[in-house]
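# Fold and contact review
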Amino acid sequence: MPDQSLPALLDADLGADAAVWVREHSDRIREAVAAHGAVLVRRLALGDRAAAVAAVRAVIGDGMAELEGFAPRDAYAPGVYSSSHWPADQPMCMHHELSYVATAPQLLAFACVTPPVSGGVTALADARAVLRDLPADLVDRFEAHGWRLTRSYNPLVGTAWQDAFGTRDRAEVERYCAENGITAVWQGDDALSTVQTRPAVTAHPDTGERCWFNQIAFLNEWTMAPEVREFLTAEFGPEGLPFNTFFGDGSALDRPTVDHINEVYEKHTVREPWQRGDLLVLDNVRVAHSREPYAGEREIVVGLGEPFRP
């Protein structure tokens, strides 16, 4: 069953300046995150994007720059971004932000400027409970070999390598990849393929608890909408998908395995619809999150903080 204490709920002082309130109550927010994995603060005065950016910065501090993003974002301040530009009618399945990067954020903050007309929930799932409910043999295999992510950057689909790595200098990309355990191969004039293997289970940096920490199911071909997968495979070939995941030894994942991972996530998923003025702060290691399809305008400001190495 989902953890009904996730997230904890706090009410802000109605009308108070959002960033000031967050700074004054930072201890309460951090304590709630430590106890529950996530906290949802309601009634903040987040009347526009600038107020949301200030509130998020009050949570994450210096922030962490995103590199290797799998979907474009707009940058607002150090470590503060728009939500990923992802089709509104397509879900972003459960995942841990940047869990495929050598240095990932431990802390995430989401501030709601404009809630959608319907849908668009940022749902949550306890990574410890997910790990407990996955088949032991599957977990053992991932713990032994990790998980592998392949990516194909090209100017026609997905994220261009220049945006993902924040540079147009190929030598800089090669240096970054070499330093972060990524195999990089240039394809033609402007395309790049990469392969990286990361741990699927990590010890929480504060508590030492084992957590399922990855994007194995979300970035796998079987989680794509069938028509999207078929089109991309026909257009670019099975090796040219924008992203795909495998067992760490390179073995393919079949649909039943990927479906089962997503089913276990669903078993532990909790949902709370966005309201204007909401601030959601979560532990990115202990808690996975998703974004469900939505209708209408939706603006959520996102902050990445407290980098750590899984």
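The structure presented is a predicted model; accordingly, all values stated were derived computationally and were not measured. (Residues numbered from 1 in each chain as written. Predicted model: local features only at pLDDT ≥ 70, side-chain atom pairs only at ≥ 80, totals over all residues. Heavy atoms only, no water.)

Okay, unusual backbone geometry next. Residue Pro7 follows Leu6 across a cis peptide bond; omega there is -5°. Here Pro7 is to be found in the segment before β1 (8–11). The backbone of Glu68 sits at a positive phi, close to 70°, despite the residue not being glycine. Assignment of secondary structure puts Glu68 in the loop between α3 (49–60) and β3 (75–77). Exposure remark for Glu68: the relative accessible area of 0% places this residue in the buried category. At Leu98, a position not held by glycine, the phi torsion is positive, near 55°. Assignment of secondary structure puts Leu98 in the loop between β5 (92–95) and β6 (104–114). (Helix = DSSP H or I, 4+ residues; strand = E, 2+ residues; numbered from the N terminus. Buried < 20%, exposed > 50% of the residue type's maximum accessible area, 1.4 Å probe, protein only.)

Time to look at the environment of Phe246. If you trace the backbone, Phe246 turns up in strand β14 (residues 243–247). For Phe246, a relative accessible area of 18% gives the class buried. As a C-alpha pair, Phe246 and Glu221 span 25 residues in sequence and 9.9 Å in three-dimensional space. Excluding its chain neighbours within four sequence positions, the residues that come into contact with Phe246 are Phe142, Trp147, Arg148, Thr150, Ser251, Ala252 and Leu253. (Contact = heavy atoms within 4.5 Å.)

Turning our eyes to something else, we now look at the packing of aromatic side chains. Considering all chains together, one arrives at 11 aromatic pairs under this definition. Between the aromatic rings of Tyr153 and Phe165, the centroid separation amounts to 5.5 Å while the plane-to-plane angle is 55°, which identifies the pairing as tilted. With Tyr153 in strand β9 (residues 147–153) and Phe165 in helix α6 (residues 161–165), this pair connects stretches of sequence that are 12 residues apart. Comparing Tyr153 with Phe165 shows no difference in burial state: the two are buried. Lying over the aromatic face of Trp186, Arg170 brings its terminal NZ or CZ to 4.3 Å of the ring centre. (Phe/Tyr/Trp six-rings, centres within 6.5 Å; stacked < 30°, edge-to-face > 60°. Lys NZ or Arg CZ within 6 Å of the ring centre and 35° of its normal.)

Moving on: the environment of Ala50. By the element assignment, Ala50 lies in helix α3. Note on Ala50: relative accessible area 56%, which makes it exposed. C-alpha separation for the pair Ala50 and Val113, spaced 63 residues apart in sequence, amounts to 9.5 Å.

Turning our attention to the pattern of salt bridges. Applying the stated criterion across every chain yields a total of 16 salt bridges. The salt bridge involving Glu209 is made with Arg128; its shortest N-O contact spans 3.1 Å. Placement of the pair is Glu209 in the loop between β12 (201–203) and β13 (210–212) and Arg128 in helix α4 (residues 127–133), with a sequence separation of 81 residues. When its relative accessible area of 30% is taken as the criterion, Glu209 is described as partly exposed. Under the relative-accessibility criterion, Arg128 is labelled buried at 16%. When the shortest N-O distance is used, the salt bridge between Glu292 and Arg271 registers 2.5 Å. With Glu292 in the loop between β17 (287–291) and β18 (294–295) and Arg271 in the loop between β15 (269–270) and β16 (279–283), the pair connects residues that are 21 residues apart, well separated along the chain. The network of salt bridges with common partners includes Arg42, Glu272 and Asp278. (Salt bridge = Lys/Arg side-chain N within 4 Å of Asp/Glu carboxyl O.)

What follows is about the nonpolar core. Residues Phe70, Phe142, Phe165 and Trp212 are the most contacted members of the largest nonpolar core, which totals 66 residues. For this core, the element with the most residues is helix α9 (residues 255–267), which contributes four residues. With residues up to four places along the chain from it excluded, the contact list for Phe70 reads Trp86, Met92, Tyr100, Arg151, Thr159, Gln215, Phe218, Leu219 and Phe243. Residues Trp21, Ala77, Ala109 and Val281 belong to the second largest nonpolar core, which totals 28 residues. (Core = buried A, V, L, I, M, F, W, Y, C linked by side-chain atoms within 4.5 Å.)

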